[in-house]
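Residue-level structural notes
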Amino acid sequence: MNVWYSIELFEKAIQYQIPVKFASSASVYGNQQGIVNPLNYYAITKLQMDYYIQDHMTEFSSVQSFRYFNVYGDGEDHKGDQASPVHKFTKQIQETGKLKLFEGSDKFLRDFVWVGDIVETVLNNDRPSGIYDLGTSDPVSFQEVGELVAEKYNGTIEYIPFPEHLKGKYQTHTRAKKEWDHKFISVKEYLNRP
């Protein structure tokens with residue numbers, strides 16, 4: 001679905017010369033910084049679409065593919081288990097007074113990017129057609145995010161074992177290439193908003 005439906009839409013965009021802004025994913029990098037090495041099928045499908053865009057770039061009137069890093073923000077309830085850690089941790093603490101964090105979370109760093117910064121950057125840029133990283137370029141650990149959420153909501157952290165089924169399929173570190181002059185909000189700034 002991720003691939004064939006997207007290709008059909010791309011073909012129509014080329015046919016009618018409609019500009020395209022595509023949501024790719026930083027998951028295409030796996031655990032390699034700046035080198036594609038997808039760890040799961042979802043990441044493979046996103047990379048396939050980036051390759052399609054690369055191969056057909058001159059046929060589009062304009063096409064930008066954005067490799068989103070770890071997006072978070074208000075209104076994530078509908079995402080269920082796919083919600084960001086910022087949202088999941090906040091919800092857990094509000095419901096139970098504690099959040100669950102994998103053991104070793106101080107070693108898992110992510111480039112967390114606020115959805116408001118994504119919208120601003122995607123809709124208000126004059127870049128040429130291309131494939132772009134879209135993140136803050138300043139990763140923080142899950143441990144730090146958990147501590148920030150626990151502090152804000154006066155909760156505690158419960159450490160749980162790292163799941164077996166995620167071993168070898170879990171990105172340990174993500175960092176966007178510094179491609180934007182935009183002043184990105186940090187997780188701490190987001191959580192400290194009034």
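In this report, we go over the structure that sits alongside the text.

Turning to the environment of Thr58, a few remarks are in order. Within the secondary structure layout, Thr58 lies in the loop between helix 2 (41-56) and strand 2 (63-68). Among the residues examined, Thr58 registers a relative accessible area of 79% and is labelled exposed. Remark: the alpha-carbon pair of Thr58 and Ile14, spanning 44 residues in sequence, is separated by 9.5 Å.

Moving on, we get to the pattern of salt bridges. Enumeration according to the criterion identifies ten salt bridges in this entry. When the shortest N-O distance is used, the salt bridge between Asp74 and Arg193 registers 3.4 Å. With Asp74 in the loop between strand 3 (70-72) and helix 3 (85-96) and Arg193 in the segment after helix 6 (187-191), this pair connects stretches of sequence that are 119 residues apart. Residue Arg193 is classed as partly exposed on the basis of its relative accessible area of 33%. A salt bridge links Asp106 to Lys107; its shortest N-O distance comes to 3.5 Å. For Asp106, a relative accessible area of 41% corresponds to the partly exposed category.

Our focus in this paragraph is helix 1 (residues 4-16). Quick reminder: α-helices carry 3.6 residues per turn. Residues three or four places apart thus point the same way. Taking 1.5 Å of rise per residue, the 13 residues of helix 1 would be expected to cover 18 Å, and the 19 Å separating its terminal C-alpha atoms lies within 8% of that figure. What helix 1 keeps buried is the set Ser6, Ile7, Phe10, Ala13 and Ile14. Here the buried residues of helix 1 occupy an arc of 120° about the axis, which is enough to place them on one side. Summarising the geometry of helix 1, the exposed residues directed more than 90 degrees from the buried face are Trp4, Glu8 and Tyr16.

With that settled, the discussion passes to the layout of surface pockets. A volume near 1400 Å³ is recorded for the largest pocket. Along the wall of the largest pocket there are 44 residues; nearest its centre are Asn70, Asp81, Gln82, Ala83 and Lys88. Among the secondary structure elements, those contributing two or more residues to the lining of the largest pocket are strand 1 (20-25), helix 2, strand 3, helix 3 and strand 4 (98-102). Per-element accounting of the lining of the largest pocket gives the leading share, four residues, to helix 3. For the lining of the largest pocket, the class distribution of residues is 20 nonpolar, 15 polar and nine charged.

Turning our eyes to something else, we now look at a negative patch on the surface. On the surface, a cluster of negative charge is made up of Asp138, Glu144, Glu147 and Glu151. Residue position: Glu147 is located in helix 5 (residues 142-152). The class of Glu147 is partly exposed, set by a relative accessible area of 43%.

Rules behind the numbers
Residues numbered from 1 in each chain as written. Predicted model: local features only at pLDDT ≥ 70, side-chain atom pairs only at ≥ 80, totals over all residues. Heavy atoms only, no water. Helix = DSSP H or I, 4+ residues; strand = E, 2+ residues; numbered from the N terminus. Buried < 20%, exposed > 50% of the residue type's maximum accessible area, 1.4 Å probe, protein only. Salt bridge = Lys/Arg side-chain N within 4 Å of Asp/Glu carboxyl O. Expected span 1.5 Å × (residues − 1). Arc of directions from axis to C-beta. 1 Å grid on protein atoms, 1.4 Å probe; cavity = no way out; pocket = protein on both sides within 12 Å on 5 of 7 lines; lining within 4 Å. Points joined across faces, edges and corners; volume = space filled by probe spheres on them. Nonpolar A, V, L, I, M, F, W, Y, C, P; charged D, E, K, R; others polar. Patch = residues over 30% accessible without salt bridge, like charges linked within 9 Å, V, L, I, M, F, W, Y side chains within 5 Å. Areas by Shrake-Rupley, 256 points an atom, 1.4 Å probe, with all protein chains shown as cover. Lys, Arg positive; Asp, Glu negative; His and termini not counted. Charge placed at Lys NZ, Arg CZ, Asp CG, Glu CD.

Any link to function would need more than the numbers given here.
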